[in-house]
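# Architecture at a glance
Each chain, letter by letter, is given below.
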Amino acid sequence: MQLAAVDLGSNSFRLQMGRAHGRHIELQGYWKETVRLAAGVGADKRISRKAIDAACGCLARMNERLRGLAPEQVRAVGTQTLRDAPNSDEFLLEAQHALGYPIDVISGREEARLTFEGCMHSAPPSSAPRLVVDIGGASTELIVGTGFAAQAAESFKVGCVNTTLRFFGDGVIDRAGFRRAQVAAAAEIEEAVSVFSRARWQEAFGASGTIGAAAEAIRQVEW
């Protein structure tokens, strides 16, 4: 059976397709578009008309690749921006029409759990406790678990888009702004630090474009 997953992230929308053979899924295609949905949220926390149009345009293009699949073969989920926006219902009506399939807005903890399970299917098998960090556009998920099961999973409202707009909206990255961003992020996760401390895991994994970009920057300066 062919399967498809659509992720309406706060920064990027992704479509991944594969064919199930028992418990194994053979990957057949992956598409990603940087939509920056979180950047289209105004001071009233509503998603702007321009952002809705851009998102629906992306979903319509994904629909072209999904044609012929039954609803039970496609799972589409929305994340932090759609959890927060007062007009998310309005957005979903248009988005579901463009995509052609239902879209579920999942909780932060469910997003974290799915992230961990997906990462562990890609990582080398191990019985050691592991930490997974996923920095999205409007939230960051931290998960500790073993095997494919998460023991602790939390979502925090700190992401690459909302942090950039809040502290570096003028495009200037300076020491003072960087420090303010650090303090704000630390305050958001302060109460959960002990839950995800170094004593709780032996291996750590990153699962996002932001972490990939940071890793590339580190390689460029030969750290």
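Inspection of the secondary structure assignment puts Arg130 in strand β6 (residues 130-135). The class for Arg130 is buried, based on a relative accessible area of 5%. Reaching out from Arg130, the side chain makes a polar contact with the side chain of Glu203 at a distance of 2.6 Å. In this view, Arg130 contacts Phe116, Met120, Ala123, Pro124, Pro125, Ile143, Val144, Gly145, Trp201, Glu203 and Phe205; residues no more than four positions away in its chain are not counted.

A separate point is the packing of helix α1 (residues 49-66) against helix α3 (residues 88-99). Put simply, α1 and α3 touch, their axes get as near as 7 Å, and they point 25 degrees apart. One element, α1, and the other, α3, form an angle in the roughly parallel class. The crossing of α1 and α3 is right-handed. Facing Arg49, Ile52, Ala55, Cys56, Leu59, Ala60, Met62, Asn63 and Leu66 of α1, the residues of α3 in contact are Glu90, Phe91, Glu94, Ala95, Ala98 and Leu99.

Ordered by their spatial adjacency, four strands build an open sheet running β8-β7-β6-β9, and the pairing between neighbours is mixed. A single partner strand is all that each edge strand has here, and the edge strands are β8 (149-156) and β9 (203-206). If you compare each strand with its neighbour and ignore which way they point, the axes differ by 15 degrees on average.

Let us look at the pairing of strand β7 (residues 140-146). Counted residue by residue, β7 has six buried out of seven residues, so it is predominantly covered. Pairing between β6 and β7: six bridges, direction antiparallel. Within β7, the position partnered with Ile135 by the bridge is Thr140. Inspection of the sheet shows β7 paired to β8 by seven bridges, in the antiparallel sense. Opposite Ile143, over in β8, you have Ala153 as the bridge partner. Between the end of β7 and the start of β8, which pair antiparallel, lie two residues, with Gly147 showing a positive phi angle near 60 degrees.

The rules behind the values
Residues numbered from 1 in each chain as written. Predicted model: local features only at pLDDT ≥ 70, side-chain atom pairs only at ≥ 80, totals over all residues. Heavy atoms only, no water. Helix = DSSP H or I, 4+ residues; strand = E, 2+ residues; numbered from the N terminus. Buried < 20%, exposed > 50% of the residue type's maximum accessible area, 1.4 Å probe, protein only. Polar contact = N/O pair within 3.5 Å; in protein donor to acceptor, adjacent residues only side chain to side chain. Contact = heavy atoms within 4.5 Å. Axes fitted to C-alpha atoms, helices over the stretch in contact; angles between N-to-C directions. Parallel < 35°, antiparallel > 145°, perpendicular 65-115°, else oblique. Left-handed = near helix turned anticlockwise from the far one by under 90°. Pairing = 2+ DSSP bridges.

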